[in-house]
Amino acid sequence: MKTAIRIAVVDDHPLFREGVTRSLLEIGGFEIVAEGSSRDDALLIAENLRPDVMLLDISMPGGGLNAIPPILELSPSQKIIMLTVSETSDDVTAALERGALGYVLKGVGGRALAEIIRNVATGESYVTPALSAKLLSNRTRGPSNLSALVASLTAREHEVLQLVAAGMSNKHVARKLELQEKTVKHHMTQIMAKLSVTNRTEAAMVLRDAADWRPLTE
């Protein structure tokens, strides 16, 4: 029997929390370990209970976006999904850059949310498709701007992205660089956040479109 995914729901609307909790419990495979209504609640939950996935609202007391960095400082492996009504590109970008793995709008259905949580629990990232498309369309695609984005990567992240853009899987990148596969996965998560993309294909496209990119050679 699979172990239930441990969830914390932090939102300042009790009825919404109740609805999310009830929906996930009815679907099954989830354990609700805590509920909260503020940034401070989220920090206490992260420190004391270490849920597998934490669902955070943006517009709660203390601010959901402001909660992300200290949560990850307390618990670096904490998986965070922003569950919000905000569709602004700035909020999406800020959430990803600060370390959230998911960004989901509150209109999502219960089963869709459950599937997103399962994926994020394994370390995958997810942004509501319409918002992902909006991010890409809003980004200035000029080579100089893309080069600036690529320049924000660390030397190791740039190395990883070069190999990914050359078509290598995480496993092959790990072998090439003599790293653990989970380390490569972590680097890719950071890369996607910095480039404001939601998957490795988009990340590779940013690198390929950057003015200073050259194909990797052996």
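Let me begin by describing the structure that accompanies this report.

The rules behind these values
- Residues numbered from 1 in each chain as written.
- Predicted model: local features only at pLDDT ≥ 70, side-chain atom pairs only at ≥ 80, totals over all residues.
- Heavy atoms only, no water.
- Helix = DSSP H or I, 4+ residues; strand = E, 2+ residues; numbered from the N terminus.
- Contact = heavy atoms within 4.5 Å.
- Areas by Shrake-Rupley, 256 points an atom, 1.4 Å probe, with all protein chains shown as cover.
- Axes fitted to C-alpha atoms, helices over the stretch in contact; angles between N-to-C directions.
- Parallel < 35°, antiparallel > 145°, perpendicular 65-115°, else oblique.
- Nonpolar A, V, L, I, M, F, W, Y, C, P; charged D, E, K, R; others polar.
- Buried < 20%, exposed > 50% of the residue type's maximum accessible area, 1.4 Å probe, protein only.
- Pairing = 2+ DSSP bridges.
- Right-handed = clockwise from strand over helix to strand, strands pointing away.

## Digging into the overall build of the protein
No. 1: Helix and strand content of the protein: eleven helices and six strands.
No. 2: By sequence separation, contacts in the protein at least 24 residues apart represent 66% of the contacts at least 6 residues apart.
No. 3: Total accessible area on the protein stands at roughly 10800 Å², and carbon and sulfur atoms take up 52% of it.

## Remarks on the packing of helix α3 (residues 64-74) against helix α4 (residues 89-98)
No. 1: Across the interface, α3 lies against α4 with an axial gap of 9 Å and an inter-helix angle of 5°. Comparing their axes, α4 and α3 come out roughly parallel. Packed against α3, whose contacting residues are L65, N66, I68, P69 and L72, the element α4 presents D91, A94, A95 and R98 at the interface.
No. 2: Taken together, the residues of the contact of α3 with α4 sort by class into six nonpolar, one polar and two charged.

## A word on the environment of M192
No. 1: Relative to the helices and strands, M192 resides in helix α10 (residues 181-195).
No. 2: As a C-alpha pair, M192 and L96 span 96 residues in sequence and 8.2 Å in three-dimensional space.
No. 3: Excluding anything up to four places from it in sequence, M192 contacts S125, V197, T198, N199 and R200.

## As for the packing of helix α8 (residues 155-165) against helix α11 (residues 200-209)
No. 1: Running from N to C, α8 and α11 point in directions that differ by 100°, and their axes come no closer than 9 Å. When the axes of α8 and α11 are compared, the pair comes out roughly perpendicular. Of the residues in α11, those touching α8 at H158, L161, Q162, V164 and A165 are R200, A203, A204, L207 and R208.
No. 2: Classifying every residue of the contact of α8 with α11 by side-chain character gives six nonpolar, two polar and two charged.

## What to know about the environment of M54
No. 1: Within the secondary structure, M54 sits in strand β3 (residues 53-56).
No. 2: Of the residues examined, M54 reaches a relative accessible area of 0% and is grouped as buried.
No. 3: Taking C-alpha positions, M54 is 9.6 Å from E35, a pair spaced 19 residues apart along the chain.
No. 4: In contact with M54, not counting residues within four places along its chain, are A8, V10, A42, I45, A46, I71, Q78, K79, I80 and I81.

## Quick look at the pairing of strand β5 (residues 102-105)
No. 1: With burial as the criterion, each face of β5 is covered, one bearing G102 and V104 and the other bearing Y103 and L105.
No. 2: Of the pairings in the sheet, the one linking strand β4 (residues 79-84) to β5 comprises four bridges and is parallel in character. Looking at the pairing, L83 lines up with V104 of β5.
No. 3: For the crossover that starts at β4, traverses α4 and ends in the parallel β5, the hand is right-handed.
No. 4: Relative to strand β6 (residues 126-127), β5 runs parallel, the two being bridged by two bridges. Residue pairing for β6: G102 is matched across the bridge by Y126.
No. 5: Of the crossover connections in this fold, the one passing from β5 over helix α5 (residues 110-121) to the parallel β6 is left-handed.

Shape is all these values report; function is a separate question.
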